[in-house]
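# Summary of the model geometry
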Amino acid sequence: MSVQFAGMTVEAVLGRWPFVEQFLAERGLAGVLDEPQADLEAVLPEQALIDLGAFVAEMEAFLGAGSQEVRELTIRGGRAKDGSPEPLAELTVRVGEVICIVGPTGSGKSRLLGDIEWVARGDTPTGRHVLINGEVPGDEWRFGSGPRLVAQLSQNMNFVMDLSVREFLTLHAESRQASEPAEKIERIWSWANELAGEPFAMDTPVTSLSGGQSRALMIADTAVLSASPVVLIDEIENAGIDRRQALDILVRQEKIVLMATHDPILALMGDRRVVIAGGAMQKVIEPSAQERANLDELKALDARLMELRRRLRAGERLDVI
Amino acid sequence: MRFVTVSGPPAVGKTAVIIKTLEHLQREGRKVGVVKFDCLATEDDALYRKQGIAVRKGLAGALCPDHYFVSNVEECVQWGLAEGLDVLVSESAGLCNRCSPHIREVLAVCVIDNLSGTDAPRKIGPMLKAADVVVITKGDIVSQAEREVFAARVRMVNPKAAIMHVNGITGQGSFELGTLWRGTTETATVEGLRLRFSMPAALCSYCLGETRIGADYQMGNVRKMDLELPTGAKTDGGPGAATDREDRT
Ligand SMILES: Nc1nc2c(ncn2[C@@H]2O[C@H](COP(=O)(O)OP(=O)(O)OP(=O)(O)O)[C@@H](O)[C@H]2O)c(=O)[nH]1
Ligand SMILES: [Mg+2]
Ligand SMILES: [Zn+2]
Ligand SMILES: [Zn+2]
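Quick notes on the rules
- Within every chain, residues take consecutive numbers counted from 1 along the sequence as written.
- Labels follow written order: the first chain is A, the first ligand is 1, and so on.
- Selection of residues for local features in this predicted model requires a pLDDT of at least 70, selection of side-chain atom pairs for listing and counting requires 80 or more, and totals for whole chains, interfaces and linings are taken over all residues.
- To obtain the side-chain values, all non-hydrogen atoms of the structure were included, while hydrogens and water were left out.
- Domain ranges listed in this record stem from an automatic or a database domain assignment.
- Helix and strand labels come from DSSP, where a helix needs a run of H or I of at least four residues and a strand needs a run of E of at least two; each type is numbered from the N terminus.
- Each helix should span, by expectation, one fewer than its residue count multiplied by 1.5 Å.
- In this scheme, a residue with accessible area under 20% of its type's maximum is buried, one over 50% is exposed, and one in between is partly exposed, where area comes from a 1.4 Å probe on protein chains only.
- Two residues qualify as a contact provided that any one of their heavy atoms is within 4.5 Å of a heavy atom in the partner residue.
- Residues are called lining when one of their atoms sits within 4 Å of a cavity or pocket point, these points coming from a 1 Å grid over the protein atoms alone, where a cavity is a set in which a 1.4 Å probe fits but cannot get out and a pocket is an open set with protein on both sides within 12 Å along at least five of seven lines.
- Grid points are joined across faces, edges and corners, and a volume is the space filled by probe spheres set on the points.
- Each residue is assigned to one class: nonpolar for Ala, Val, Leu, Ile, Met, Phe, Trp, Tyr, Cys and Pro, charged for Asp, Glu, Lys and Arg, and polar for all the others, Gly among them.
- Strand pairing is defined by DSSP finding a minimum of two bridges between the two strands.
- Inter-axis angles, ranging from 0 to 180 degrees, are taken between N-to-C directions of lines fitted to C-alpha atoms, where helices are fitted over the stretch in contact.
- Simply put, the buried area is the total loss of 1.4 Å probe accessible area from both parts when two parts are fitted together.
- Any carboxyl oxygen of Asp or Glu within 4 Å of a side-chain nitrogen of Lys or Arg constitutes a salt bridge here.
- Under the rule applied, a polar contact is a pair of N or O atoms within 3.5 Å (in protein, one hydrogen donor and one hydrogen acceptor; residues adjacent in sequence only if both atoms are side-chain atoms).
- Each patch is built from residues that are more than 30% exposed by relative accessible area and take part in no salt bridge. Like charges join if they lie within 9 Å; nonpolar side chains (Val, Leu, Ile, Met, Phe, Trp, Tyr) join within 5 Å.
- Accessibility throughout is a Shrake-Rupley quantity obtained with a 1.4 Å probe, and a residue counts as covered only by protein chains that appear here.
- Reported orientations rely on four angle classes, namely roughly parallel under 35 degrees, roughly antiparallel over 145, roughly perpendicular from 65 to 115, and oblique for the rest.

## Some remarks on the domain arrangement of chain A
If you check the domain split of chain A, you get domain 1 (10–63) and domain 2 (72–287). Domain 1 of chain A and domain 2 of chain A are separated by 35 Å when their C-alpha centres are compared.

Structural data, given as structure tokens:
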């Protein structure tokens, strides 16, 4: 696989693939940049042209330019830890759905997520198969230079880069070669502010955001800039973030949302929930009308607890609750 | 025997990843071993032994650990064969960013962590550039965006490698890495094979650009590990190869 540059000027090539600049610099060919109007093929040595063509093709694949659209995932059951056939023989999840995964620690939730990430072909300890749009996918999701299938958001994740929110989002947009980066950066920032409730500025360092703000920024950023079609969330803490809206943002961006949670409110927000035990998917539960109605009561309970926490923090007594 | 060279900057999680990955291969009934190369000291051998992994260590002292590695790698392969290993892994602390232990035709893995900063992939040099597989660790503590930016930087430096995300603590991704290790081609000897990159700085023949492996090509400041090879195992201790008692484990 290779990209041809026939008839393209140096400027045009750089405009289309800005990362070419680093390629040239690393090979001591930065001099080419001084002639923006020259035909690239005329000014680059032949071997460098061949290498650059291959490099641009790899980068395009990595950036997801040619990656296939994922509409649904099908998980074909394998076997439980004791070797018996997996009770839930098949599960199909579609873009825009929120699927909760429930089950005790050690029940096999991580392996299920691992099977999805690795697009299992009966070659993992569970013997499961994962299909994309109903078909057996090729190796590109495993080793290809394109995006991974699954993006992950978890409580333990923190920002470690010493950058402001704007610089951070710009860096991410650049590394993804996103189109209309300015619009995307604004959108992520404003969505994150809506989610977080307590607003933050574009020039705030990402490392000094509060827990809720960080989570909000991670969710909005993953929704808009990540190329992975599946988003795996391991709980979303209740404090400082609108969880319903967080899920809506991801769903609106055509993600398949998988959520490992023990929180009844989150579990009832899902479209369906899969029960895992003994290393196997046991069954799928769709929330009933009664469950959905209970969601309101749970939210009221939750709000009361939140209020008690607030009072505790404010130094009040809880004699009367 | 399958032979895999693993390199990477200090404390990125090489040992953690190797242990988690070998665990899967052990569970399948394979016999596994590790040779750890470091500069002055390492506790890694104890960690491996605790997991039932055969282990030898070599301390390079004042030498570049990669130079030391290449002077000893053939003997390590013979040790692995004599031990009857199905999979032998070398772990080298990539302390010298100009060198890399990767050998042509031997599966080369570079481990690097998400915390090392976006410039790290560019600075790490040959051990990343020449790897077949790049393992990125510590994704559990940074954001998705940082993982994507970091992977993109790795991709810029090495467009061909398979990039794998492995968590050294939970082992997430290690089963998948193991499939590559057990699927690599057999190595019976590395004698006559070549390094992927020649090593600069002049101390031994390899410093002077030698890339062929074997006693015939080793000159100058060459120190040999004592691997306690059973009699009959093929050794390569040519003339001038001093035995280094400190390296006994
Ligand atoms: N959070 C997190 N910590 C990790 C991960 N992988 C390794 N660690 C931790 O990082 C530290 C260093 O891991 P090691 O496996 O000893 O690193 P190493 O590269 O072998 O280190 P040297 O051999 O000394 O160069 C340990 O405390 C590990 O528990 C990971 O994926 N996530
Ligand atoms: Mg180690
Ligand atoms: Zn060196
Ligand atoms: Zn040397």
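## Here we look at helix H7 (residues 181–196) of chain A
Residues and elements named next belong to chain A. Between its first and last C-alpha atoms H7 spans 22 Å; for 16 residues at 1.5 Å apiece the expected length is 22 Å, and the two agree. Along H7, the positions that sit buried rather than exposed are Lys-184, Ile-185, Ile-188, Trp-191, Ala-192, Asn-193, Leu-195 and Ala-196. The inward-facing, buried residues of H7 abut helix H6 (165–175), helix H8 (211–225) and helix H9 (243–252). Two residues or fewer past H7, Gly-197 is found with a positive phi of approximately 80°.

## Some points on empty space enclosed by the protein
If a probe the size of a water molecule is rolled over the atoms, the empty space left behind becomes visible. Residue and element names in this part refer to chain A. On inspection of all chains with the given rule, the structure shows 3 cavities of 30 Å³ or more. Here the largest cavity is characterised by a volume of approximately 60 Å³. Forming the boundary of the largest cavity are Leu-73, Ile-75, Leu-91, Val-93, Ile-99, Ile-101, Leu-112, Ile-116, Leu-258 and Val-274. Grouping the amino acids of the lining of the largest cavity by side-chain chemistry returns 10 nonpolar, no polar and no charged. Counted as a void, the second largest cavity has a volume near 40 Å³. Every element with two or more residues in the lining of the second largest cavity is listed here: strand S5 (150–154), H8 and strand S6 (230–234). Each residue belonging to the lining of the second largest cavity can be placed in one class, and the counts come to 4 nonpolar, 2 polar and 3 charged.

## Remarks on the domain arrangement of chain B
Domain parsing of chain B yields domain 1 (2–182) and domain 2 (203–244). Placing a centre on the C-alpha atoms of domain 1 of chain B and another on those of domain 2 of chain B gives a separation of 23 Å.

## Topic: the sheet that holds strand S2 (residues 32–38) of chain B
Residue and element names in this part refer to chain B. Ordered in space as S3-S2-S4-S1-S5-S6-S7, the 7 strands form an open sheet in which the pairing is parallel. Of all strands in the sheet, those with a lone pairing partner are strand S3 (54–59) and strand S7 (162–165), marking the two edges. The average angle at which neighbouring strand axes cross in this sheet is 20°, direction not considered. One ladder, built from 4 bridges, connects strand S1 (residues 2–8) with strand S5 (residues 107–113); its direction is parallel. Note on S5: the bridge partner recorded for Val-4 is Leu-107. Sheet strands in contact with helix H7 (residues 174–182) are S1, strand S4 (87–93), S5, strand S6 (133–137) and S7, and its direction is about 130° off that of S1.

## A closer look at the interface of chain A and chain B
Listed as interface residues are 39 residues of chain A and, on the opposing side, 30 residues of chain B. Counting each side, the surface lost to burial between chain A and chain B is near 2,800 Å², with a carbon and sulfur contribution of 62%. One can count 1 salt bridge joining chain A with chain B. For Arg-111 of chain A, the salt bridge identified is with Glu-176 of chain B, shortest N-O distance 2.9 Å. The tally of links between chain A and chain B comes to 12 residue pairs in polar contact (both at pLDDT 80 or more). The set of elements that each furnish at least two residues to the side of chain A that touches chain B consists of helix H2 (20–26), helix H4 (46–62), helix H5 (109–117), S5, H6 and H8 of chain A.

## Re a nonpolar patch on the surface
Residues Val-160 of chain A together with Leu-115 and Ile-141 of chain B make up a contiguous nonpolar surface patch of about 210 Å² in total accessible area. As for its placement among the helices and strands, Ile-141 of chain B is situated in the loop between S6 and helix H6 (144–157). With relative accessibility at 32%, the residue Ile-141 of chain B sits in the partly exposed group.

## As for the side chain of Thr-126 of chain A
Residues and elements named next belong to chain A. Tracing the sequence through the fold places Thr-126 in the loop between H5 and strand S4 (129–132). In terms of polar contacts, Thr-126 uses its side chain to reach the side chain of Asp-115, at 2.6 Å. With near-sequence residues (within four places) excluded, Thr-126 lies in contact with Gly-78, Arg-79, Arg-111 and Asp-115.

## A word on the pairing of strand S1 (residues 72–76) of chain A
Residue and element names in this part refer to chain A. Note: S1 against strand S2 (residues 90–94), 5 bridges, orientation antiparallel. Directly across from Ile-75, in S2, lies its bridge partner Leu-91. Across 4 bridges, S1 lies against S4 in antiparallel orientation. In the sheet register, Ile-75 faces S4, and the bridge partner there is Val-130.

## A look at the packing of H7 of chain A against H9 of chain A
How two helices pack is summed up by the angle between their axes together with the distance between the axes. All names here are of chain A. Contact pair H7 / H9: the axes reach a minimum separation of 9 Å and the direction vectors enclose 150°. It follows that H7 is roughly antiparallel to H9 by the angle criterion. Contacts between H7 and H9 involve Trp-191, Glu-194 and Leu-195 on the former and, on the latter, Gln-245, Ala-246, Ile-249 and Arg-252. Partitioned by chemical class, the residues of the contact of H7 with H9 number 4 nonpolar, 1 polar and 2 charged.

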